[in-house]
Amino acid sequence: VVRQHVKQMIADSQEGKDVIMRYRARDINMSVSIDVFVGPTVSQDIRSQMAEAYFVMNEGFLCFPVYFPGTTLWKAVRGRERLVELLTRCVRESEGRMEAGEAPGSLLDLWMDRIVRERRGETLDEAPREAPDAVGLADEDGNSEDMAITEERIVYTLLSFLFASQDATTSALAYAADLLVQHPEVLRRVREEQDAINARVNATLGDLAHEDKMHSVLSLDTLREAKYRRQVVLEVLRYRPPAVMVPHIAIQDVSITDEYVCPKGTVIMPSIWDAQLLHQTTDNKI
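Cut-offs used in this document
Residues numbered from 1 in each chain as written. Predicted model: local features only at pLDDT ≥ 70, side-chain atom pairs only at ≥ 80, totals over all residues. Heavy atoms only, no water. Helix = DSSP H or I, 4+ residues; strand = E, 2+ residues; numbered from the N terminus. Buried < 20%, exposed > 50% of the residue type's maximum accessible area, 1.4 Å probe, protein only. Contact = heavy atoms within 4.5 Å. Areas by Shrake-Rupley, 256 points an atom, 1.4 Å probe, with all protein chains shown as cover. 1 Å grid on protein atoms, 1.4 Å probe; cavity = no way out; pocket = protein on both sides within 12 Å on 5 of 7 lines; lining within 4 Å. Points joined across faces, edges and corners; volume = space filled by probe spheres on them. Nonpolar A, V, L, I, M, F, W, Y, C, P; charged D, E, K, R; others polar. Salt bridge = Lys/Arg side-chain N within 4 Å of Asp/Glu carboxyl O. pLDDT = per-residue confidence, 0-100. Phe/Tyr/Trp six-rings, centres within 6.5 Å; stacked < 30°, edge-to-face > 60°. Lys NZ or Arg CZ within 6 Å of the ring centre and 35° of its normal. Axes fitted to C-alpha atoms, helices over the stretch in contact; angles between N-to-C directions. Parallel < 35°, antiparallel > 145°, perpendicular 65-115°, else oblique. Left-handed = near helix turned anticlockwise from the far one by under 90°.

### Focus on the overall build of the protein chain
- Each helix and strand counted, the protein chain has 12 helices and 6 strands in total.
- For the protein chain, with 286 residues in total, the buried portion stands at 27%.
- Across the protein chain, the fraction of contacts at a sequence separation of at least 24, relative to all contacts at a separation of at least 6, is 55%.
- For the protein chain, the exposed area adds up to about 19200 Å²; of that, 56% sits on carbon and sulfur atoms.

Shown next, in the form of structure tokens:
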């Protein structure tokens, strides 16, 4: 999926078209998220509709809160409704595939496969967890809540996954591309490291097809080998944190200093941006 987007970016650039990295990173991220969460079997038409609906919905978080037909907020609500419809369709199709005995190909498939197997009364591989019945779980305040797995709950969980996986990762990718262009010596070292890993892996694979070799090169093991690239990623996240403020609620009294105690229930908004750059000087900046 990523290679297809990169090839398209290269082709567009060679044709003289503008390649705006923020939008291209957003499209790559959405495609990968759909593959991981919903599955590679989703048609291109549904992918495009899901992406469009999500981006329209996301605009609603950034607009002036005026709601009547034609406003950005009104369009965002319609986008969310459309996304729920599409995800509901994907859930039902996944359930059908798992009922037919197909192998799971996504997070949704794994979830539906477990539900189907439990429905059939099959013994699951993993050890049973000690947990109360599906109905009667307690929330964080100790109140009883119906936590039964329903189609609606699955759909809104997938919606939450899509939402959580988009903006921060897209920002990080865009910053990484921008900073690597500004620091060609770092880009050169990243490429040299990857070329060395490629050469070593390809030498062990013999006559395998090129695509099979590329899949082997981009494995978890080879990703762990790329230590310099990992340092670059961590430095990008430090220098330009994509989530600059993440709110937390204190679940108990917390001593901030000897003189001040943050009371339980307080909403805390730590500035990640300031914390990451607090000790940066001209000698140790990126």
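What follows continues from the structure just given.
### As for the layout of surface pockets
- Roughly 1800 Å³ of internal volume is contained in the largest pocket.
- In this structure, the largest pocket is lined by 32 residues; those nearest its centre are Val2, Val6, Leu173, Leu180 and Arg229.
- At the level of secondary structure, the elements contributing two or more residues to the lining of the largest pocket comprise α1 (2–14), α2 (21–37), α7 (167–182), α8 (184–205), α9 (210–217), α10 (220–225) and α11 (227–239).
- At 7 residues, α7 tops the list of elements feeding residues into the lining of the largest pocket.
- Its residues assigned to classes, the lining of the largest pocket shows 23 nonpolar, 5 polar and 4 charged.

### What about the pattern of salt bridges?
- Summed over the entire model, instances satisfying the criterion amount to 19 salt bridges.
- When the shortest N-O distance is used, the salt bridge between aspartate 12 and lysine 17 registers 3.9 Å.
- For aspartate 12, a relative accessible area of 6% corresponds to the buried category.
- The class of lysine 17 is partly exposed, set by a relative accessible area of 46%.
- The salt bridge partner of glutamate 93 is arginine 89, with a shortest N-O separation of 3.3 Å. On the criterion of helical spacing, the pair formed by glutamate 93 and arginine 89 is a turn pair, its members being 4 residues apart in helix α4 (residues 72–99).
- Classification of glutamate 93 by relative accessible area gives partly exposed; the value is 39%.
- Residue arginine 89 is classed as partly exposed on the basis of its relative accessible area of 44%.

### Observations regarding the confidence of the model for the protein chain
- The share of residues in the protein chain with pLDDT of 70 or more is 84%, and the mean pLDDT across the chain is 83.
- Within the protein chain, the lowest mean pLDDT, 40, falls on strand β1 (residues 135–138), and the highest, 94, falls on α4.
- Residue range residues 127–138 is modelled with pLDDT below 50. Its contacts to residues more than four positions away, or to other chains, number 15 contacts.

### Regarding the packing of aromatic side chains
- The final tally for this structure, using the stated rule, is 3 aromatic pairs.
- Ring geometry for phenylalanine 61 and phenylalanine 163: centres 5.1 Å apart, planes at 40 degrees, overall tilted. In this pair, phenylalanine 61 sits in the loop between α3 (44–59) and α4 while phenylalanine 163 sits in helix α6 (residues 151–164), placing the two residues 102 residues apart along the sequence.
- A residue is classified by how much of its surface remains accessible, and phenylalanine 163, at 35% relative accessible area, is partly exposed.
- The residue whose ring lies beneath arginine 189 is tyrosine 228, and the NZ or CZ to ring-centre distance is 4.0 Å.
- A cation sits over an aromatic face here: arginine 240 above tyrosine 239, 4.1 Å from the ring centre.

### Quick look at the packing of α2 against α3
- Put simply, α2 and α3 touch, their axes get as near as 11 Å, and they point 120 degrees apart. On the basis of the axis angle, α2 is oblique to α3. By crossing handedness, the relation of α2 to α3 is classed as right-handed. Across the interface between the two elements, Arg26, Asp27, Met30, Ser31, Ile34 and Asp35 from α2 touch Arg47, Met50, Ala51, Tyr54 and Phe55 from α3.
- A class-by-class count of the residues in the contact of α2 with α3 yields 6 nonpolar, 1 polar and 4 charged.

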